[in-house]
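# Understanding the architecture of this molecule
What follows is each chain in one-letter form.
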Amino acid sequence: RVAVTYFEWAGIHHQQIIVPWRLIDGPESAGGFAADIARARYTRASRTSISGALLFGMPLFEGSGYRGLRKVIDVSGDGVNNNGQMVTVVRDEVLSKGITINGLPILTDEPYLDRYYYDHVIGGPGSFMVPAESYETFAAAVLRKLIMEIAAKPSEVSFE
């Protein structure tokens, strides 16, 4: 079982909960959650504040109504942090709260975004990322990433 919420983010002042916290405990609840996300209206914004997304996501765990074994923020995006606080400072604050950050960079506009996520965004015990080569492969990458997270057996992307 896993408790999840879904929020959309862009610039420093653009974060919005799309699907509130809910428990996924089988195919029916997973399908309902996926359907709610699919029905959501996609909003495009001009800035990218990964730090803003992390600051928005960090306190959501406290008000979730759930107490889990792990706390994970998944960050999906197509650009580097170009708005708000320095992402590494905020990442370190999130990590200090015992929250892991995983990533799903979309490489369409910035082909080396996976390296940026590796160096500046992801962190914490078992952290990893799954890059999506394009918007067309995004859904498959999300599914793969969620399976890896729920199974808690991620294969790490390494740039060493």
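Residues numbered from 1 in each chain as written. Predicted model: local features only at pLDDT ≥ 70, side-chain atom pairs only at ≥ 80, totals over all residues. Heavy atoms only, no water.

### Looking at the side chain of S29
- Following the sequence through the fold, S29 ends up in helix α1 (residues 27-39).
- Since its relative accessible area comes to 17%, S29 is described here as buried.
- For S29, the side chain forms a polar contact with the main-chain nitrogen of D25, separated by 2.8 Å.
- Among all residues touching S29, those that are not within four sequence positions of it are L23 and I24. (Helix = DSSP H or I, 4+ residues; strand = E, 2+ residues; numbered from the N terminus. Buried < 20%, exposed > 50% of the residue type's maximum accessible area, 1.4 Å probe, protein only. Polar contact = N/O pair within 3.5 Å; in protein donor to acceptor, adjacent residues only side chain to side chain. Contact = heavy atoms within 4.5 Å.)

### Quick notes on the packing of helix α2 (residues 50-57) against helix α3 (residues 87-96)
- Across the interface, α2 lies against α3 with an axial gap of 8 Å and an inter-helix angle of 20°. Relative to α3, α2 is oriented roughly parallel. The way α2 lies across α3 gives a crossing that is left-handed. Contacts between α2 and α3 pair I50, S51, L54 and L55 from the former with V87, V90, R91, E93 and V94 from the latter. (Axes fitted to C-alpha atoms, helices over the stretch in contact; angles between N-to-C directions. Parallel < 35°, antiparallel > 145°, perpendicular 65-115°, else oblique. Left-handed = near helix turned anticlockwise from the far one by under 90°.)

### Structural notes on helix α4 (residues 113-121)
- Restricting attention to buried positions, one finds in α4 the residues L113, D114, Y116, Y117 and V121. The buried residues of α4 occupy an angular sector of 155° when the element is viewed end-on, so they sit on one face.
- For α4, the secondary structure elements touched by its buried residues are α2, β3 (72-77), α3 and β4 (100-105). (Arc of directions from axis to C-beta.)

### Brief notes about the nonpolar core
- Of all hydrophobic cores here, the largest spans 22 residues; its most connected members are I50, L54, V75, V94, Y117 and V121.
- Sorting the residues of this core by element identifies β1 (2-9), α2, β3, α3 and α4 as the ones contributing at least two each.
- By residue number, the principal contributor to this core is α4, which donates four residues.
- Each residue touching V75, except ones within four places of it in the same chain, is listed here: W9, I50, L54, I101, N102, G103, L104, Y117 and V121.
- Grouped together as the second largest cluster of nonpolar side chains are seven residues, F128, V130, A141 and M148 included. (Core = buried A, V, L, I, M, F, W, Y, C linked by side-chain atoms within 4.5 Å.)

### Structural notes on the pairing of strand β2 (residues 15-24)
- Sheet topology note: the β1/β2 ladder contains seven bridges and is antiparallel. Bridge pairing in β2 places A3 opposite L23.
- Between β1 and β2, which pair antiparallel one after the other, the connecting turn spans five residues. (Pairing = 2+ DSSP bridges.)

### Quick word on the side chain of K145
- As for its position among the elements, K145 is in helix α5 (residues 138-151).
- For K145, a relative accessible area of 2% translates into the label buried.
- Apart from residues no more than four positions distant in its own chain, K145 is found in contact with D74, N102, G103, L104, F128 and V130.

### Comments concerning α5
- For α5, with 14 residues, the first-to-last C-alpha span of 20 Å sits near the 20 Å given by 1.5 Å per residue.
- Those residues of α5 lying buried are A141, K145, M148 and E149. Burial along α5 is one-sided: seen end-on, the buried residues are contained in an arc of 95°. Across from the buried face of α5, at angles greater than 90 degrees, the exposed residues are A139, A140, L143, I147 and I150.
- Where the residues of α5 are buried, they touch β3 and β4. (Expected span 1.5 Å × (residues − 1).)

### Quick look at the packing of aromatic side chains
- Enumeration over the complete set of coordinates arrives at two aromatic pairs.
- For the pair W21 and F61, a centre-to-centre distance of 5.8 Å together with 55° between the ring planes defines the contact as tilted. Residue W21 is located in strand β2, and its partner F61 is located in the loop between α2 and β3; the two are separated by 40 residues in the primary sequence.
- The partly exposed category is assigned to W21, whose relative accessible area is 24%. (Phe/Tyr/Trp six-rings, centres within 6.5 Å; stacked < 30°, edge-to-face > 60°.)

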